[in-house]
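# Report on the structure
The primary structure of each chain is shown beneath.
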Amino acid sequence: MDLGIKGRTAFVAGASSGLGYAVARALAREGCRVAICSRNEERIAHAAGRLAGEAGVDPGSVLPLACDVTSEEAVHEAIDRAAAQFGGLHILVTNAGGPPPGYIDDLSIETWRGGIELNLVSVIQLCRAALPHLRVAAASDDPHGSILMITSISAKRPIPSLYLSNATRAGVQGFAKTLSEELGPAGITVNTILPGYTRTERLKNLSERLASASGRSAEEIEAGWAEGNALRRIADPEEFAAAAAFLVSKRATYVTGVGFPVDGGWSKHVL
Ligand SMILES: NC(=O)c1ccc[n+]([C@@H]2O[C@H](COP(=O)([O-])OP(=O)(O)OC[C@H]3O[C@@H](n4cnc5c(N)ncnc54)[C@H](OP(=O)(O)O)[C@@H]3O)[C@@H](O)[C@H]2O)c1
């Protein structure tokens, strides 16, 4: 299916690796020009080169930006720079690293504040910075404006060891739903995408940390995760990215205000 986004411009945050990288690559393969950001200049520059090669696109259509999404100033600067370089912005994908795991007695208030900055406030900052550009794109002769927030299945069903994720993702879901109502009349869609267990650096770190805390092996932890979903396996980032690319595309212009799980059937709700 042609997603209808050839020549569109996208900003994907947290994209030097993992899910963000896979989404940026999927969009580049569809013909989007993509700005990608992460904290580390070297990592993001390397990711941009790799991405252009893997997607088979002109390196000039992938813009690497060093930007910590917890910094309001850096976020505004990065998004304005992407829009200036590409002549506008149609698509924003919010993302960042995951917060540390831990139970109630493990997490200090400072850690809580850091997690909220990383996984909730950053999303709000990215949207605030992108909105002026998205409004212009959505009001143009060939309108298109779309926001997709990467959250987690923990927003639907809290995961016991992931307090910070459970709490911040639920906040993002509430923010997204509210924003979708306000931006609907302007023709901008706002959705969230909820990854289930997907093979990335983050997942590897998480299984290793839980393994050392529980005395089980990382393989046993991951096998347990796989058993919990209907497909009985961990996802490949490309499978996640395909759904994300659809949600920000011209094929999904009547989809807004939804939280879309890509979890292999981990959510057990009927709807
Ligand atoms: N993988 C899964 O199974 C899974 C499941 C549910 C939810 N999630 C959530 O989905 C998100 C992405 O996960 P992932 O597995 O792709 O993680 P990952 O492999 O650790 O990748 C995280 C990306 O975000 C960047 N990043 C981290 N902190 C940042 C910051 N402050 N500002 C800008 N960029 C930042 C990292 O690059 P730099 O280090 O270069 O900054 C990296 O590119 C996380 O929030 C995670 O909790 C993942």
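Scoring rules and cut-offs
- Residues numbered from 1 in each chain as written.
- Predicted model: local features only at pLDDT ≥ 70, side-chain atom pairs only at ≥ 80, totals over all residues.
- Heavy atoms only, no water.
- 1 Å grid on protein atoms, 1.4 Å probe; cavity = no way out; pocket = protein on both sides within 12 Å on 5 of 7 lines; lining within 4 Å.
- Points joined across faces, edges and corners; volume = space filled by probe spheres on them.
- Helix = DSSP H or I, 4+ residues; strand = E, 2+ residues; numbered from the N terminus.
- Near = heavy atom within 4 Å.
- Polar contact = N/O pair within 3.5 Å; in protein donor to acceptor, adjacent residues only side chain to side chain.
- Areas by Shrake-Rupley, 256 points an atom, 1.4 Å probe, with all protein chains shown as cover.
- Sits in = over half its atoms within 2 Å of the grid points.
- pLDDT = per-residue confidence, 0-100.
- Buried < 20%, exposed > 50% of the residue type's maximum accessible area, 1.4 Å probe, protein only.
- Right-handed = clockwise from strand over helix to strand, strands pointing away.
- Pairing = 2+ DSSP bridges.
- Axes fitted to C-alpha atoms, helices over the stretch in contact; angles between N-to-C directions.
- Parallel < 35°, antiparallel > 145°, perpendicular 65-115°, else oblique.
- Left-handed = near helix turned anticlockwise from the far one by under 90°.
- Contact = heavy atoms within 4.5 Å.

Moving on, we come to empty space enclosed by the protein. On inspection of all chains with the given rule, the structure shows one cavity of 30 Å³ or more. In this structure, the largest cavity occupies an estimated 70 Å³ of space. If you trace the largest cavity, you find it lined by Thr-94, Asn-95, Ala-96, Leu-118, Asn-119, Ser-122, Val-123, Leu-126, Ile-150, Thr-151, Arg-169 and Val-172. Sorting the residues of the lining of the largest cavity by element identifies α4 (109–138) and α5 (163–183) as the ones contributing at least two each. The dominant element in the lining of the largest cavity, judged by the number of residues it contributes, is α4, at five residues.

Time to look at the site of the ligand. In the neighbourhood of the ligand, 31 residues make up the surrounding shell, with Ser-16, Leu-19, Arg-169, Thr-198 and Thr-200 lying closest. Between the ligand and Leu-19, the relevant distance is 2.7 Å, taken from an oxygen atom to a main-chain nitrogen or oxygen of the residue. Protein coverage of the free-state accessible area of the ligand, which is 880 Å², stands at 92%. According to the grid-proximity analysis, the pocket containing the ligand is the largest pocket. At the level of secondary structure, the elements contributing two or more residues to the shell around the ligand comprise α1 (18–29), α4 and α6 (201–214).

It is worth spelling out the confidence of the model for the protein at this point. Chain-level pLDDT for the protein is 97 on average; 100% of the residues reach the 70-or-more range. Per-element mean pLDDT across the protein ranges from 91 in α6 up to 99 in strand β4 (residues 91–94).

Neither face of strand β1 (residues 9–12) is open: one carries Thr-9 and Phe-11, the other Ala-10 and Val-12, and all of them are buried. A crossover links β1 with its parallel partner strand β2 (residues 33–38), the connecting element being α1, and its sense is right-handed. Summarising the sheet, β1 and β4 pair through three bridges and their orientation is parallel. Looking across to β4, one finds that Ala-10 is bridged to Ile-91.

It is worth spelling out the packing of α1 against helix α8 (residues 237–247) at this point. Two elements in contact, α1 and α8, have axes whose closest approach is 8 Å; the angle formed by their N-to-C orientations is 55 degrees. In terms of axis orientation, α1 runs oblique to α8. Crossing of α1 against α8: the hand is right-handed. Residues Gly-18, Leu-19, Ala-22, Val-23, Arg-25, Ala-26, Leu-27 and Arg-29 of α1 lie in contact with α8, whose contacting residues are Pro-237, Glu-238, Phe-240, Ala-241, Ala-244 and Ala-245.

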